[in-house]
Amino acid sequence: MLQQIARQQDVVEIAPQGTSAKAAALAHVAEQYGYTYGVAYRTGFKNSLVQVRMYRDPRPDARVREAATITAHPQAGNGGTVPGLVQGSLKPLPEAADSVAVLRDLVNFDVMALYLADRRQKVACYLICALVPVFMLMDDKSPAEAFISGALVALLLTVTFKVGVIRRATIARRLTAAGLHEVRDERGARRFLRPGQQLPGHANPFTA
């Protein structure tokens with residue numbers, strides 16, 4: 001990541017091997033070098049990898065922050081200190097804990113969208129539940145066992161859908177309390193932005 005930053009790329013991709021907490025810690029480091037959070041999503045084998053996309057912030061205060069970080073951490077990437085983290089680890093320093101927590105919520109809010117089913121997906125899932133008793137009856141199971149199994153699968157899906165919605169709503173409330181505001185992107189997906197930040201554009205990531 002620091003190599004991408006050193007090349008002053010407009011977009012930096014962060015893909016740590018681990019949890020969203022690690023991704024958030026690295027995103028915080030990138031922010032100190034004049035980048036800001038863009039989006040997070042799952043990728044890789046069975047969507048096991050959390051990837052975060054950071055955009056280079058063109059605002060003047062971002063360049064001031066970048067210059068101050070380079071001055072304060074001249075050996076970052078060469079065994080020296082890294083802004084906001086305990087040296088040699090991805091553990092946030094106390095002064096960076098709140099910022100990393102907000103970034104972790106942003107990451108989790110985005111990646112959880114993968115598991116929120118839309119109406120068409122829900123219809124497909126419940127249709128499969130309705131077919132479960134049919135297949136079990138064809139396999140010579142008793143009618144009671146077949147219909148109870150179908151009902152249990154439907155109940156499990158309902159609980160799964162509901163838990164995802166509740167967890168995401170809880171994260172949304174924390175982000176709002178932290179001063180971020182909710183918007184909709186061009187696909188209608190919910191996003192949270194910091195004050196003064198706009199959704200990424202085609203050229204300038206902060207152009208509407």
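Considerations on unusual backbone geometry
Reasoning step 1: Phi is positive for glutamine 8, which is not a glycine, with a value near 55 degrees.
Reasoning step 2: Mapping glutamine 8 onto the fold places it in the loop between α1 (2–6) and β1 (11–14).

A few points about the packing of aromatic side chains
Each pair of aromatic rings is reported with the distance of its centres and the angle of its planes.
Reasoning step 1: All told, the structure shown has one aromatic pair when counted by the stated rule.
Reasoning step 2: With centroids separated by 5.1 Å and ring planes inclined at 90 degrees, the aromatic side chains of phenylalanine 109 and phenylalanine 192 adopt a geometry described as edge-to-face. In this pair, phenylalanine 109 is assigned in helix α4 (residues 97–111) and phenylalanine 192 in strand β5 (residues 190–193), connecting sequence segments 83 residues apart. Grouping residues by exposure puts phenylalanine 109 and phenylalanine 192 together as buried.
Reasoning step 3: The ring of phenylalanine 109 is capped by arginine 168, whose NZ or CZ atom sits 3.8 Å from the centre of that ring.

Brief notes about the environment of aspartate 57
Reasoning step 1: Position of aspartate 57 relative to the elements: it lies in the loop between β3 (49–56) and α3 (60–72).
Reasoning step 2: Residue class for aspartate 57 comes out buried when judged on its relative accessible area of 2%.
Reasoning step 3: Within the local environment of aspartate 57, its side chain forms a polar contact with the side chain of arginine 59, the two groups lying 2.7 Å apart.

Re the environment of glutamine 9
Reasoning step 1: Within the secondary structure layout, glutamine 9 lies in the loop between α1 and β1.
Reasoning step 2: For glutamine 9, a relative accessible area of 23% corresponds to the partly exposed category.
Reasoning step 3: The residues contacting glutamine 9, other than those within four sequence positions of it, are Gln4, Tyr35 and Arg56.

Concerning the pattern of salt bridges
Reasoning step 1: Taken as a whole and judged by the stated rule, the model has nine salt bridges.
Reasoning step 2: It is possible to trace a salt-bridge network through shared partners that takes in Arg56, Arg63 and Glu66.

Quick word on the confidence of the model for the protein
Reasoning step 1: For the protein, the mean per-residue pLDDT works out to 83, and 88% of the residues sit at or above 70.
Reasoning step 2: Long-range and interchain partners of residues 202–208, a stretch whose pLDDT sits below 50, account for 19 contacts in this model, where long-range means more than four residues apart.

Let's talk about the sheet that holds β3
Strand pairing within a sheet occurs via backbone hydrogen bonds; the two strands may be parallel or antiparallel.
Reasoning step 1: Spatially, three strands are ordered β1-β3-β2 in an open sheet, and the strand pairing comes out antiparallel. At either margin of the open sheet sits one strand with a lone partner, and together these are β1 and β2 (35–43). The sheet shows a mean angle of 20 degrees between the axes of neighbouring strands, taken without regard to direction.
Reasoning step 2: Strand direction decides the pairing type here: β1 and β3, joined by four bridges, are antiparallel. Bridging from a neighbouring strand, valine 12 pairs with methionine 54 of β3.
Reasoning step 3: Running at roughly 10 degrees to β3, helix α2 (residues 20–32) makes contact with β1, β2 and β3 of the sheet.
Reasoning step 4: Strand contacts of α4: β2 and β3, with the helix running at about 40 degrees to β2, the strand carrying the most contacts.

Thoughts on the nonpolar core
Reasoning step 1: Counting 32 residues, the largest nonpolar core has Ile14, Tyr37, Val52, Met54, Leu106 and Leu175 as its most contacted members.
Reasoning step 2: At the level of elements, β1, α2, β2, β3, α4 and α6 (143–177) are the ones that each hand at least two residues to this core.
Reasoning step 3: Excluding its chain neighbours within four sequence positions, the residues that come into contact with tyrosine 37 are Glu31, Val52, Arg53, Met54, Leu103, Leu106, Val107, Asp110, Arg194 and Gln197.

Procedures and definitions
- Residues numbered from 1 in each chain as written.
- Predicted model: local features only at pLDDT ≥ 70, side-chain atom pairs only at ≥ 80, totals over all residues.
- Heavy atoms only, no water.
- Helix = DSSP H or I, 4+ residues; strand = E, 2+ residues; numbered from the N terminus.
- Phe/Tyr/Trp six-rings, centres within 6.5 Å; stacked < 30°, edge-to-face > 60°.
- Buried < 20%, exposed > 50% of the residue type's maximum accessible area, 1.4 Å probe, protein only.
- Lys NZ or Arg CZ within 6 Å of the ring centre and 35° of its normal.
- Polar contact = N/O pair within 3.5 Å; in protein donor to acceptor, adjacent residues only side chain to side chain.
- Contact = heavy atoms within 4.5 Å.
- Salt bridge = Lys/Arg side-chain N within 4 Å of Asp/Glu carboxyl O.
- pLDDT = per-residue confidence, 0-100.
- Pairing = 2+ DSSP bridges.
- Axes fitted to C-alpha atoms, helices over the stretch in contact; angles between N-to-C directions.
- Core = buried A, V, L, I, M, F, W, Y, C linked by side-chain atoms within 4.5 Å.

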